[in-house]
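# Residue-level structure breakdown
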Amino acid sequence: DPSKVRGLVLSIRATLPPAMEKWPGWAPELTYTIAGVTKRVACIGATIPGTLEDGGEWYLVNPDKGQSFYFQPPQRVLETSILFGVPPTVTKVTLLFNDTPVLKAIPVKWK
């Protein structure tokens, strides 16, 4: 139902620090706050390889069935687009990998 949940895509091109190469894998999540309550949502899709803009192919999962994405890029360069389902009233989100904020207070502008 679009009045309750909309798809939010974040495209990422990043060179990761050496310490992040040692992680067993990254579970991307978002946090957002509505009415003073902070919520957390899991990634429900990603493009592999590359970003949506560069022709990456979508792969989707169903968190309700215990499915999730874990990223382990072969190099220190991460290029992907990540899909999340969030309420249409969200105006800022924070991207987390393994519970670590990597992009904070990302402004969301709905079209």
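Residues numbered from 1 in each chain as written. Predicted model: local features only at pLDDT ≥ 70, side-chain atom pairs only at ≥ 80, totals over all residues. Heavy atoms only, no water.

## Some details on the overall build of the chain
Heads up, the rule is: What counts as a helix is a DSSP run of H or I of at least four residues, what counts as a strand is a run of E of at least two, and both are numbered from the N terminus. Atoms considered for the radius of gyration are the C-alpha atoms alone. The globule rule reads 2.2 Å times the number of residues to the power 0.38. Three exposure classes are used, based on accessible area relative to the maximum for each residue type with a 1.4 Å probe and protein chains only: buried under 20%, partly exposed in between, and exposed over 50%. It only takes one pair of heavy atoms within 4.5 Å for two residues to be counted as in contact. The Shrake-Rupley method, run with a 1.4 Å probe sphere, supplies the accessible areas, and residue values consider only the shown protein chains as cover.
For the chain, the helix and strand inventory stands at one helix and eight strands. When the elements of the chain are put in sequence order from the N terminus, they spell out β-α-β-β-β-β-β-β-β. Taken against the 2.2 N^0.38 rule, which gives 13 Å for 111 residues, the C-alpha radius of gyration of the chain at 14 Å falls within 12% of a compact globule. Structurally, the chain occupies a C-alpha span of about 40 × 30 × 30 Å along its principal axes. Taking all 111 residues of the chain together, 39% fall into the buried category. Taking all contacts inside the chain whose residues are at least 6 apart in sequence as the whole, residues at least 24 apart take part in 65%. Total accessible area on the chain stands at roughly 6,900 Å², and carbon and sulfur atoms take up 55% of it.

## A few points about the pattern of salt bridges
The criterion, for reference: Throughout this description, the term salt bridge denotes a Lys or Arg side-chain nitrogen within 4 Å of a carboxyl oxygen of Asp or Glu.
For the coordinates displayed, the defined rule picks out four salt bridges. Two residues, R13 and E79, come together in a salt bridge whose shortest N-O distance is 4.0 Å. Here the residue R13 occupies a position in strand β1 (residues 6–15), and E79 occupies one in strand β6 (residues 77–86), the gap between them amounting to 66 residues. Across the pair R40 and E29 runs a salt bridge, and its minimum N-O distance is 3.5 Å. Residue R40 is found in strand β3 (residues 37–42), and its partner E29 is found in strand β2 (residues 28–34); the two are separated by 11 residues along the sequence. For R40, a relative accessible area of 44% puts it in the partly exposed group. The structure contains a network of salt bridges with shared partners spanning R13, D54 and E79.

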